[in-house]
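# Per-entry structural report
Below are the chains, spelled out letter by letter.
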Amino acid sequence: LCLSEEGDLLSQWRGYADDGHGFAIGFDTSFLQRLVGQVSGVKTMLAKVTYSENEQLEAFRPIYDKFARIASNGTLDNLPRPSSLLIENPNYEAELQTYRSELLYLRISATQLLEALYAMKTPSFQEEKEWRIISHWMPETPVIEGIRYRSSRDRIIPYLPVAFSEDDLAQAVREIIIGPKNISP
């Protein structure tokens, strides 16, 4: 879910709200933070998008350093081959443990890389002041209950529907802005 600190920006209306015919809903930040904690089965976070190339490089540096360390010390070259993980191998347990440990480390690093990527955008969009609620599937959760799909012009988008009570909506919605081309009264 993409959000903006700028609820009434003409470029936003043009690009994301049916060329100004739509509506903008202003949400309470504390409600969104609570909402992020309620999604189960997937890792979910509320992230402010970074537009500065320097900040983006700063976010990538520790992740890059992890991968570089793994590559330079030969860890990837030394992972056991599947054939060496046969039960007949006398070093089976030790090699399997090493294999699992290194793969977990790589998976965690890759997840951190994705989280950083999802919260970055080119500097030409910085006027949007965007925030994102980012969810991604974790391998420990083989099935995500309730996942749905919708299509856009060029892709299929997975999403998780979230039910709100009337009390939730009263707490969550702070304002509704009618688009500049919307003819609603």
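Residues numbered from 1 in each chain as written. Predicted model: local features only at pLDDT ≥ 70, side-chain atom pairs only at ≥ 80, totals over all residues. Heavy atoms only, no water.

Turning next to the overall build of the protein chain. When its secondary structure is counted, the protein chain shows 5 helices and 7 strands. When the elements of the protein chain are put in sequence order from the N terminus, they spell out β-α-β-α-β-α-α-β-β-β-α-β. When the 185 residues of the protein chain are sorted by exposure, 28% land in the buried category. (Helix = DSSP H or I, 4+ residues; strand = E, 2+ residues; numbered from the N terminus. Buried < 20%, exposed > 50% of the residue type's maximum accessible area, 1.4 Å probe, protein only.)

What follows concerns helix α3 (residues 53–72). At R61, α3 is bent by approximately 35°, the largest bend along its length, and proline P62 sits one to four residues beyond. Looking at the buried side of α3, the elements it contacts are α4 (92–118). (Bend = angle between axes of the 7 residues up to and from the residue. Contact = heavy atoms within 4.5 Å.)

A contiguous nonpolar patch, built from F23, I25, F27, I176 and I178 and spanning about 470 Å² of accessible area, is present on the exposed surface. Secondary-structure elements contributing two or more residues to the nonpolar patch are β2 (23–27) and β7 (173–178). The element best represented in the nonpolar patch is β2, accounting for 3 residues. Assignment of secondary structure puts F27 in strand β2. Using a relative accessible area of 30% as the deciding quantity, one classes F27 as partly exposed. (Patch = residues over 30% accessible without salt bridge, like charges linked within 9 Å, V, L, I, M, F, W, Y side chains within 5 Å. Areas by Shrake-Rupley, 256 points an atom, 1.4 Å probe, with all protein chains shown as cover. Salt bridge = Lys/Arg side-chain N within 4 Å of Asp/Glu carboxyl O.)

So, about the pairing of β2. Only one face of β2 is covered, namely the one carrying A24 and G26; the face carrying F23, I25 and F27 has none of its residues buried. In this structure, β2 lies alongside β7, joined through 5 bridges in antiparallel fashion. Bridge assignment links F27 to a residue of β7, and that residue is V173. (Pairing = 2+ DSSP bridges.)

Closest axis-to-axis distance for the α3/α4 pair is 10 Å, and the angle between their directions is 155°. When the interaxial angle is binned, α3 and α4 end up roughly antiparallel. Both α3 and α4 take part in a crossing whose hand is left-handed. Across the interface between the two elements, F60, I63, K66, F67, R69 and I70 of α3 pack against Y105, L106, S109, A110, Q112, L113, A116 and L117 of α4. Of the residues belonging to the contact of α3 with α4, the class tally is 10 nonpolar, 2 polar and 2 charged. (Axes fitted to C-alpha atoms, helices over the stretch in contact; angles between N-to-C directions. Parallel < 35°, antiparallel > 145°, perpendicular 65-115°, else oblique. Left-handed = near helix turned anticlockwise from the far one by under 90°. Nonpolar A, V, L, I, M, F, W, Y, C, P; charged D, E, K, R; others polar.)

With that settled, the discussion passes to the confidence of the model for the protein chain. Model confidence for the protein chain is summarised by a mean pLDDT of 83, while 86% of its residues fall at 70 or above. Of all helices and strands in the protein chain, the one with the weakest mean pLDDT is α4 (79), whereas β2 scores best (94). (pLDDT = per-residue confidence, 0-100.)

Positionally, T44 belongs in strand β3 (residues 42–48). Within the structure, T44 has its side chain in polar contact with the side chain of S135 (distance 3.1 Å). (Polar contact = N/O pair within 3.5 Å; in protein donor to acceptor, adjacent residues only side chain to side chain.)

Here we take up the nonpolar core. Counting 5 residues, the largest nonpolar core consists of L3, L32, L35, V36 and I133. Element by element, the count of residues in this core is highest for helix α2 (residues 29–38), at 3 residues. With near-sequence residues (within four places) excluded, L32 lies in contact with L3, F27, L46 and I133. (Core = buried A, V, L, I, M, F, W, Y, C linked by side-chain atoms within 4.5 Å.)

For the rest of this paragraph, the subject is α4. For α4, which comprises 27 residues, the first-to-last C-alpha distance of 38 Å matches the rise-based estimate of 39 Å (1.5 Å per residue) to within 8%. Within α4, burial applies to Y92, L96, L106, S109, T111, E115 and A116. (Expected span 1.5 Å × (residues − 1).)

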